[in-house]
Amino acid sequence: MTDTPILVSTEGRVGLIRLNRPAQLNALNDALMDALGAALLAFDADPGVGAIVITGSDKAFAAGADIAAMADWDYMDVYQSAFITRNWEAIRQVRKPVLAAVAGFALGGGCELALACDIVVAAESARFALPEIKLAMLPGAGGTQRLPRAIGKAKAMDMCLSARMLDAQEADRYGLVSRVVPDAELLDRTLALAAQIASFSLPALMAIKESVNRAWESSLTEGILFERRELYARFASADAHEGMQAFLDKRKPAFQHR
Ligand code: CAA
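It should be emphasised that the depicted structure is a prediction, and the values quoted were computed from it without experimental measurement.

(A) Representation of the overall build of the chain in the model. Looking only at helices and strands, the chain has eleven helices and ten strands in total. Its C-alpha atoms give the chain a radius of gyration of 19 Å, within 12% of the compact-globule value 18 Å for 258 residues. Taking the principal axes of the C-alpha coordinates as reference, the chain spans close to 60 × 45 × 40 Å. Within the chain, counting contacts between residues at least 6 apart in sequence, those at least 24 apart form 66% of the total. A distance of 6 Å separates the average location of the 27 positive side-chain charges in the chain from that of its 31 negative side-chain charges.

In structure tokens form, the structure reads like this:
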């Protein structure tokens, strides 16, 4: 089982990816990140999937990049092979909603992976930190960029410079996670949320995801312009007309994801 770095399944219109290196607390090595990227892109291309969930084990979502793998690398190794860029960033290409279901440790690259997801559902046991400073390293999978955007500079500096660990309630208060649920309900609640999301019109979901992501990467004026164009594009969608007509007819909409 541990030879397979991820386990992939589907439940209705939800694609589920479980990180599966329990003996290493799901430390993120190349084999795992290659497989994760391939699974994410395969679900993104599958018309039968409307949302994707990434989860780990009860003890760890992921304890970070694999320190044993990195320990002997030199600059040319990582520069020439485009470490992180070559496989971790596949998640940025995914247009469908991606949810993280986090129990236990989400440290370093594990926290950064959660930050790259669209919605983070945390179990009460979840613990978030960017402890790379303890290794004289740096949160290099988007942590120094996404964390301040998520929780603001003051909290992000504290986490990055002191390796401060947040529990689930703190992470919820600061805006690092979307919801906190009891551990025993984590997967069921996240899958139910993903199923609800996946029941909506896929092109509308993708337009909303793209628009919200614009808020991170552009000025308000540019973001509003982008949002307005996406709104106008809804009027070219069969699902939007179906959704509005179904409301007026007092019936459930039948979306075709077109
Ligand atoms: N890489 C490789 N192996 C790891 C690992 C990691 N990030 N995290 C844990 N493991 C391994 C341990 O070496 C140990 O293996 P052995 O049984 O073979 O010794 C096994 O997982 C269990 O770990 P512990 O015995 O340490 O478990 P614990 O409960 O005592 O402690 C922990 C848990 C606090 C998470 C501790 O394992 C820990 O501090 N891990 C490292 C966290 C870290 O520094 N992450 C950042 C990595 S750098 C990074 O992510 C860079 C980037 O931005 C891309």
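(B) Spotlight on the site of the ligand. With respect to spatial proximity, 24 residues lie near the ligand, and among them Lys59, Ala65, Ile67, Gly109 and Glu112 are the closest. Glu132 is positioned such that a nitrogen or oxygen atom in its side chain is 2.9 Å from an oxygen atom of the ligand. Gly140 places a polar main-chain atom, nitrogen or oxygen, 3.0 Å from an oxygen atom of the ligand. Here the ligand loses 61% of its free accessible area of 990 Å² to cover by the protein chains. Elements with a minimum of two residues in the shell around the ligand: α2 (67-70), β6 (105-107) and α4 (109-116). Tallied by class, the residues present in the shell around the ligand amount to 15 nonpolar, five polar and four charged.

(C) Seen up close, α4. Of all eight residues in α4, eight are buried, a share of seventy percent or more. Those residues of α4 that fall on the buried side of the exposure criterion are Gly109, Gly110, Cys111, Glu112, Leu113, Ala114, Leu115 and Ala116.

(D) Layout of the sheet that holds strand β5 (residues 98-102). As summarised here, the arrangement of the six strands in space is β1-β2-β3-β5-β7-β10, forming an open sheet in which the pairing is mixed. Since the sheet does not close on itself, it has two edges, and those belong to β1 (6-11) and β10 (179-181), each with one partner. Averaged over all pairs of adjacent strands, the angle between strand axes in this sheet comes to 20°, irrespective of strand direction. Examined bridge by bridge, strand β2 (residues 14-19) and strand β3 (residues 51-55) share five bridges and lie parallel to one another. Among the inter-strand pairings, Arg18 is bridged to a residue of β3, identified as Thr55.

(E) Layout of the pairing of β1. Sheet topology places β1 next to β2; six bridges connect them, and they run antiparallel. Bridge pairing in β2 links Ile6 to Leu19. Counted between consecutive antiparallel strands, the loop separating β1 from β2 contains two residues, among which Gly12 sits at a positive phi close to 60°.

(F) Molecular detail of the packing of aromatic side chains. Under the counting rule described, the total for this entry stands at two aromatic pairs. Ring centres 5.5 Å apart and planes at 10° place the aromatic pair Tyr75 and Tyr79 in the stacked group. A residue pair is termed a helical-turn pair when its members lie 3 or 4 positions apart in one helix, as Tyr75 and Tyr79 do in helix α3 (residues 75-80) at four residues. For Tyr79, a relative accessible area of 54% translates into the label exposed.

(G) Geometry of empty space enclosed by the protein. Enumeration according to the criterion identifies two cavities of 30 Å³ or more in this entry. Size it by volume and the largest cavity reaches roughly 50 Å³. If you trace the largest cavity, you find it lined by Leu28, Asn29, Asp30, Ala65, Asp66, Ala69, Met70, Trp73, Phe83 and Trp88. Class assignment of the residues belonging to the lining of the largest cavity gives a composition of seven nonpolar, one polar and two charged.

(H) The arrangement of the sheet that holds strand β8 (residues 127-129) in detail. Read from one edge to the other, the open sheet built from four strands follows the order β4-β6-β8-β9, with strand pairing classed as mixed. Sheet topology places β4 (60-62) and β9 (166-167) at the edges, where each strand pairs with a single neighbour. Here two bridges tie β4 to β6, and the two strands are oriented parallel to one another. Pairing of Ala60 across the sheet is with Phe105, part of β6. With respect to the sheet, α4 is in contact with β4, β6 and β8, its orientation differing from that of β6 by roughly 90°.

Rules used throughout
In this numbering scheme, every chain counts its residues from 1 along its sequence in written order. Local features in this predicted model are restricted to residues whose pLDDT is 70 or higher, and side-chain atom pairs enter the listing and the counts only when it is 80 or higher, whereas totals over whole chains, interfaces and linings include all residues. Computation of side-chain values: all heavy atoms of the structure, hydrogens and water removed. Elements are defined by DSSP. Helices are runs of H or I of four residues or more, strands are runs of E of two residues or more, and each kind is numbered from the N terminus. Computation of the radius of gyration draws on C-alpha atoms alone. For the globule rule, the value is 2.2 Å times the number of residues to the power 0.38. Throughout, a contact is declared for two residues whenever any of their heavy atoms are within 4.5 Å. This count recognises Lys and Arg as positive and Asp and Glu as negative, with His and chain-terminal groups excluded. To locate a charge, take NZ of a lysine, CZ of an arginine, CG of an aspartate or CD of a glutamate. Here a residue is considered near a molecule or strand provided that any single heavy atom belonging to it is located within 4 Å of it. In protein, a polar contact means a hydrogen-donor-capable atom and an acceptor-capable atom, both N or O and within 3.5 Å, with residues adjacent in sequence counting only if both atoms are side-chain atoms; elsewhere, any N or O pair within 3.5 Å suffices. In short, Shrake-Rupley with a 1.4 Å probe defines the accessible areas, and a residue's cover is counted only from the protein chains shown. Each residue gets one label: Ala, Val, Leu, Ile, Met, Phe, Trp, Tyr, Cys and Pro are nonpolar, Asp, Glu, Lys and Arg are charged, and the others, such as Gly, are polar. Burial here depends on accessible area, computed with a 1.4 Å probe over protein chains only, as a share of the maximum for the residue type. Under 20% is buried, over 50% is exposed, and the range in between is partly exposed. Between any two strands, at least two bridges found by DSSP are needed for them to pair. Here an angle of 0 to 180 degrees is reported between the N-to-C directions of two axes, which are lines fitted to C-alpha atoms, with helices fitted over the stretch in contact. The rule is short: rings of Phe, Tyr and Trp, with Trp giving its six-membered ring, pair when the centres are within 6.5 Å, and they are stacked under 30 degrees, edge-to-face over 60, tilted in between. Using protein atoms alone on a 1 Å grid, points that fit a 1.4 Å probe yet trap it form a cavity, whereas open point sets bounded by protein on both sides within 12 Å along at least five of seven lines form a pocket; residues with an atom within 4 Å of a point count as lining. Grid points are joined across faces, edges and corners, and a volume is the space filled by probe spheres set on the points.

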